[in-house]
Amino acid sequence: TKLDPPPKERSIFGIVIIVVVVGVFAGIGALLIERSNRVVDDSHVLLGEPITIAWAPTVDPILLEKELVPLQKYLEKTMGRPVPIEITKDYKESSEKLLKGEVAFALLPPLMYVRTRAQSDEIEPLGMKMYQGAAKSDGLLLVRMADNVQNLEGLSGKRFCLTDENSTTGNFLPRAYLRAQGKDPEKFIGEVVWTGDHNQALRDLIDNKSDAAATYSGALLSASSLEIPVGQIRTLTITGYIPQDAIVAGPSATKTDKEAMRNALLSLDPKKEWQVEHLGETQRISGFAAATDDDFADLKKLEQESKN
């Protein structure tokens, strides 16, 4: 016959059961809260579902992720929502995730914005990244100083470092520039070395892996902070003048979320928020400028001409 435990043991057993049950429910409650809410700091609690920004890897993803942490925390604090920033494997993936509604927002280089907007009129630019106060940049074609290349003819049949098939300054503009000079890019460029990002394009040029590199002015200006010896390279020509990358909304972004994101971007002031001139040594984000589809009209026209 099974004996009941003495009264004292029953009391202890009951207390243990109560503690376990309370602990289980507390754990479940904490898990549910963690899924929807997160604390940014002692005074800001994040509520609701995350709204993700897909960010194209224009520079080294590891470095980019580190530089974007303050921006992410600012957006979360300002919007009161979790705002994860997902660095995608390439420019195209950022566009695809936005169009499919897998993310609400994306940071797209200008040409990628034009191509994405052509696939859906629900794509809306919210803010253009400002690089040390400038909302536009130059496309550059760089060569090594030691090679003494004097003009475009000196690159005929040579190796070109290009960043991504959908890059504006790292692929599209140098090809458009060559066509404007009466040269067929497919015949003029001897070999393409795909680098994946702009910083690597500069390194590959210096390391003699190519004879020319296509990039934008911001990448060249910030390269010295990454210990890239920019004194060894020079600008052969400017290939174009374009808007900076833009944060855009996709089909899954609600009207409320779009307004909240736009207001947060346009209100960003690194001096006020962090007492610094800009965010990151490669991004050098000094704020965001208001953006509309009209800002990309010249680039849209240039792409149409390249197809004819």
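Anything mentioned here points back to the structure above.
What you are looking at is a predicted structure, and each value in this text was computed from that prediction instead of being measured.

A.B. asks: Residues and numbers for the packing of aromatic side chains, please.
C.D. replies: Under the defined criterion, the tally for this structure stands at three aromatic pairs. Centroid distance Phe-160 to Phe-188: 6.4 Å. Interplanar angle 75°. Geometry classified as edge-to-face. A residue pair is termed long-range when its members are at least 10 positions apart, and Phe-160 in strand β8 (residues 159-162) and Phe-188 in helix α6 (residues 185-188) qualify at 28 residues. Taken as a pair, Phe-160 and Phe-188 share a single burial class, namely buried.

A.B. asks: Describe in detail the nonpolar core, supporting the description with residues and values.
C.D. replies: Grouped together as the largest cluster of nonpolar side chains are 26 residues, with contacts concentrated most on Ile-53, Trp-55, Leu-71, Leu-75, Phe-105 and Met-261. Counting residues per element, the ones that place at least two in this core are β3 (53-55), α2 (61-79), β5 (105-108), β12 (246-249), α9 (255-267) and β13 (285-290). Sorting elements by how many residues they give to this core places α2 first, with six residues. Ranked by size, the runner-up nonpolar core spans 21 residues in total, among them Ala-56, Leu-108, Ala-291 and Phe-296.

A.B. asks: Outline the pairing of strand β7 (residues 136-144), supporting the account with residue identities and numerical values.
C.D. replies: β7 sits mainly inside the fold: seven of its nine residues count as buried. Direction of pairing for β7 relative to strand β11 (residues 233-243): antiparallel, over a ladder of nine bridges. Across the sheet, residue Leu-140 finds its bridge partner in β11, namely Ile-238. With four bridges connecting them, β7 and strand β10 (residues 212-216) associate as antiparallel partners. For Leu-141, the partnering residue across the bridge sits in β10 and is Ala-214.

A.B. asks: Lay out the pattern of salt bridges with the relevant residues and their values.
C.D. replies: A full pass over the atoms with the stated rule returns 19 salt bridges. Among the salt bridges present, the one from Glu-124 reaches Lys-258, with a minimum N-O distance of 3.3 Å. Residue Glu-124 is located in strand β6 (residues 124-131), and its partner Lys-258 is located in helix α9; the two are separated by 134 residues in the primary sequence. Across the salt bridge formed by Asp-204 and Lys-209, the nearest N and O atoms sit 3.8 Å from each other. In this structure Asp-204 comes out as buried when scored by relative accessible area, which is 5%. When salt bridges that share partners are traced, they join Glu-124, Lys-258, Glu-259 and Arg-262 into one network.

A.B. asks: Give me the lowdown on the sheet that holds β8, citing residues and values where you can.
C.D. replies: In spatial order, the strands read β9-β8-β10-β7-β11; together these five strands make up an open sheet with mixed pairing. Among the strands making up the open sheet, the edge pair consists of β9 (191-194) and β11. Shown here is a sheet whose adjacent strand axes are inclined to one another by a mean of 25°, direction ignored.

A.B. asks: Before we move on, could you go through helix α7 (residues 198-206) and cite the residues and values that matter?
C.D. replies: Within α7, seven of the nine residues are buried, which leaves the element mostly enclosed by the surrounding structure. Regarding α7, the residues found buried are His-198, Asn-199, Ala-201, Leu-202, Asp-204, Leu-205 and Ile-206. N-capping of α7 is provided by Asp-197, with a side-chain oxygen placed 3.0 Å from the backbone N of Asn-199. Asn-208 lies just past α7 and shows a positive phi near 65°.

What counts as what
Residues numbered from 1 in each chain as written. Predicted model: local features only at pLDDT ≥ 70, side-chain atom pairs only at ≥ 80, totals over all residues. Heavy atoms only, no water. Phe/Tyr/Trp six-rings, centres within 6.5 Å; stacked < 30°, edge-to-face > 60°. Helix = DSSP H or I, 4+ residues; strand = E, 2+ residues; numbered from the N terminus. Buried < 20%, exposed > 50% of the residue type's maximum accessible area, 1.4 Å probe, protein only. Core = buried A, V, L, I, M, F, W, Y, C linked by side-chain atoms within 4.5 Å. Pairing = 2+ DSSP bridges. Salt bridge = Lys/Arg side-chain N within 4 Å of Asp/Glu carboxyl O. Axes fitted to C-alpha atoms, helices over the stretch in contact; angles between N-to-C directions. Polar contact = N/O pair within 3.5 Å; in protein donor to acceptor, adjacent residues only side chain to side chain.

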